[in-house]
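Examining the three-dimensional arrangement
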Amino acid sequence: MPTSPFMSLNGRVVPYAECTIHAFSGVVKYGAGVFEGLRAYWNAEREELFVFRLKEHLDRLRYGMKVLRFDTVFEADFMAKSLLDMIRANALRENAHLRMIAFLDGDDELAATGPVGLVCGAIPRPPSKAVLDGVHVAVSTYGRLSDNVLPPRVKSTANYVNNRAAEMEAKRNGYNGVLMLTGQGKVSEGSGACFFMVRNGALHTPDVASDILESITRDTVIQLAREMGMTVIERTIDRHEVYAADEAFWCGSGFEIQPILTLDRLAIGTGTPGSMTRDVQRAYFAAVEGRSNTHPDWLTPVWAPT
Ligand SMILES: Cc1ncc(COP(=O)(O)O)c(C=O)c1O
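1. Notes on the site of the ligand
Near the ligand, the surroundings consist of 17 residues, among which K155, Y160, E189, T217 and S253 are the closest. Within the side chain of E189, a nitrogen or oxygen atom sits 2.6 Å from a nitrogen atom of the ligand. With the chains in place, 96% of the 380 Å² that the ligand exposes on its own is no longer accessible. Looking at the shell around the ligand, the elements that each hand over two or more residues are α5 (160-172), β9 (187-190) and α6 (216-227). Class assignment of the residues belonging to the shell around the ligand gives a composition of five nonpolar, eight polar and four charged.

Pasting the structure below:
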């Protein structure tokens, strides 16, 4: 699906074709950018489009700009307005994936810290087949970046060279996706999602020191699962534990909740989406679509701001 006709560049709504930066800007030359992938969900009954956990995404984006030592760390209000103005200009009343990138502009040397730009765009997204049917995953031969190399908890553009290499390898070999391991050989995360598995009736997920992005969906799943009475354990996970798991799934803003059916062509549990995975999916979609009212602070309405 193509990007919507209007984008936002440095706080101004512009037509897609006019959303341009210089080919020698710092983000192009050195990968000096940080970004967010968010979702907005249309609730037909409430006739409202809700951006999910906007505050947390903007906090993470500001954190990324700080760590990249950008000389401008945009205020959350400015970034929220840029995003919402763009959505409204596109008259979006359907589910969409939203992308925001804070980038090094100008044409300067490696250690430049500004000027800094901000771009936002939206891509309408119909429901995903993978959420319903599940996916087949391989362990990557590419190791996950580590915190003292390119910190995975900073969602920087440059990090995704690692994710892309792993994803392409998996696709070449006929898999839907990839599970990356840390330098120590422990389970880390996927190319665009965090990992959960079910063992002995509890949810297990790699802890935040396992070279993962500190995922907002992961946090959402942990909260919702605990509210449903599930036990959630954040810890170091071995690769061979995953082959023994009863269920597994991905979680991420873009991926949503996708059942993982096999790892390296070995069935996880029965090789079909498990019941705890389905329970997490139900709670997740009720939350993001604004059907459950347990976390109203997670939802930013686009058309009737409060
Ligand atoms: C590498 C990686 N891990 C995890 C996630 C999930 O993060 P979030 O739930 O904040 O979207 C993403 C999604 O952007 C990602 O790219």
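2. Observations concerning the domain arrangement of the protein
Assigned domains of the protein: these are domain 1 (6-126) and domain 2 (130-288). Centre-to-centre separation of domain 1 and domain 2, based on C-alpha positions: 25 Å. Listed per partner, the contact involves 20 residues of domain 1 and 21 residues of domain 2. Note on domain 1 versus domain 2: buried area summed over both sides is about 1700 Å², and carbon and sulfur give 60% of it. When the shortest N-O distance is used, the salt bridge between D219 and R53 registers 2.8 Å. Counting every contact that joins domain 1 to domain 2 gives nine residue pairs in polar contact (both at pLDDT 80 or more). Among the secondary structure elements, those contributing two or more residues to the side of domain 1 that touches domain 2 are β3 (33-43), β4 (48-52) and α2 (54-67). For the side of domain 1 that touches domain 2, the element with the most residues is β3, which contributes eight residues. In the side of domain 1 that touches domain 2, the residues fall into eight nonpolar, six polar and six charged.

3. Looking at the packing of α2 against helix α3 (residues 76-89)
At their nearest, the axes of α2 and α3 sit 10 Å apart, and the two run at 120° to each other. Considering their axes alone, α2 and α3 lie oblique with respect to each other. Note on packing geometry: the crossing formed by α2 with α3 is right-handed. On α3, the residues that touch L54, L58, L61, R62 and M65 of α2 are A76, M79, A80 and L83. Residues of the contact of α2 with α3, tallied by class, amount to eight nonpolar, no polar and one charged.

4. Focus: α2
In this model α2 runs 20 Å from its N-terminal to its C-terminal C-alpha over 14 residues, within 8% of the 20 Å that 1.5 Å per residue would give. Taken residue by residue, α2 has L54, H57, L58, R60, L61, G64 and M65 as its buried positions. One side of α2 holds all its buried residues, which, seen down the axis, span an arc of 160°. The exposed residues of α2 that point more than 90 degrees off its buried face are K55 and K66. In the core, the buried residues of α2 are packed alongside β3, β4, α3, β5 (96-104), α6 and β16 (299-301). Downstream of α2 by a residue or two, R69 has a phi angle that is positive, lying close to 60°.

5. A word on the nonpolar core
Among the nonpolar cores identified, the biggest contains 31 residues, and V51, M65, M79, L83, I87, L98 and M100 are the most heavily contacted of them. Only β3, β4, α2, α3, β5 and β6 (116-124) provide two or more residues apiece to this core. Take this core: its biggest share by element is six residues, from α3. Residues F50, C251, A283 and F285 belong to the second largest nonpolar core, which totals 27 residues.

6. What to know about the environment of R164
Summarising the element assignment, R164 is placed in helix α5. Residues R164 and G192, 28 residues apart in the sequence, show an inter-C-alpha distance of 9.6 Å.

7. Some words on the packing of α6 against helix α8 (residues 275-288)
A pair of packed helices is captured by two measures, namely the crossing angle of their axes and the spacing between those axes. Look at α6 against α8: their axes get within 10 Å of each other, and the N-to-C directions meet at 110°. With respect to each other, α6 and α8 are oriented roughly perpendicular. Handedness of the crossing formed by α6 with α8: right-handed. Contacts between α6 and α8 involve T217, T220, V221 and L224 from the former and V280, A283, Y284 and A287 from the latter. By residue class, the composition of the contact of α6 with α8 is six nonpolar, two polar and no charged.

8. Some thoughts on the packing of aromatic side chains
If you walk through the whole model with that rule in mind, you get eight aromatic pairs. Ring plane angle 65° and centroid distance 4.9 Å describe the contact between F35 and Y160, whose orientation is recorded as edge-to-face. Of this pair, F35 sits in strand β3 while Y160 sits in helix α5, and the two are 125 residues apart along the sequence. An aromatic cluster is defined as three or more aromatic residues linked by ring pairs; in this entry it consists of F52, Y284, F285 and W298. We note R93 situated over the ring of W303; from NZ or CZ to the ring centre the distance is 4.5 Å. Sitting over the ring of Y175, R265 keeps its end group 4.3 Å from the ring centre.

Conventions we followed
Residues numbered from 1 in each chain as written. Predicted model: local features only at pLDDT ≥ 70, side-chain atom pairs only at ≥ 80, totals over all residues. Heavy atoms only, no water. Near = heavy atom within 4 Å. Polar contact = N/O pair within 3.5 Å; in protein donor to acceptor, adjacent residues only side chain to side chain. Areas by Shrake-Rupley, 256 points an atom, 1.4 Å probe, with all protein chains shown as cover. Helix = DSSP H or I, 4+ residues; strand = E, 2+ residues; numbered from the N terminus. Nonpolar A, V, L, I, M, F, W, Y, C, P; charged D, E, K, R; others polar. Domains from an automatic or database assignment. Contact = heavy atoms within 4.5 Å. Buried area = accessible area lost by both parts, 1.4 Å probe. Salt bridge = Lys/Arg side-chain N within 4 Å of Asp/Glu carboxyl O. Axes fitted to C-alpha atoms, helices over the stretch in contact; angles between N-to-C directions. Parallel < 35°, antiparallel > 145°, perpendicular 65-115°, else oblique. Left-handed = near helix turned anticlockwise from the far one by under 90°. Expected span 1.5 Å × (residues − 1). Buried < 20%, exposed > 50% of the residue type's maximum accessible area, 1.4 Å probe, protein only. Arc of directions from axis to C-beta. Core = buried A, V, L, I, M, F, W, Y, C linked by side-chain atoms within 4.5 Å. Phe/Tyr/Trp six-rings, centres within 6.5 Å; stacked < 30°, edge-to-face > 60°. Lys NZ or Arg CZ within 6 Å of the ring centre and 35° of its normal.

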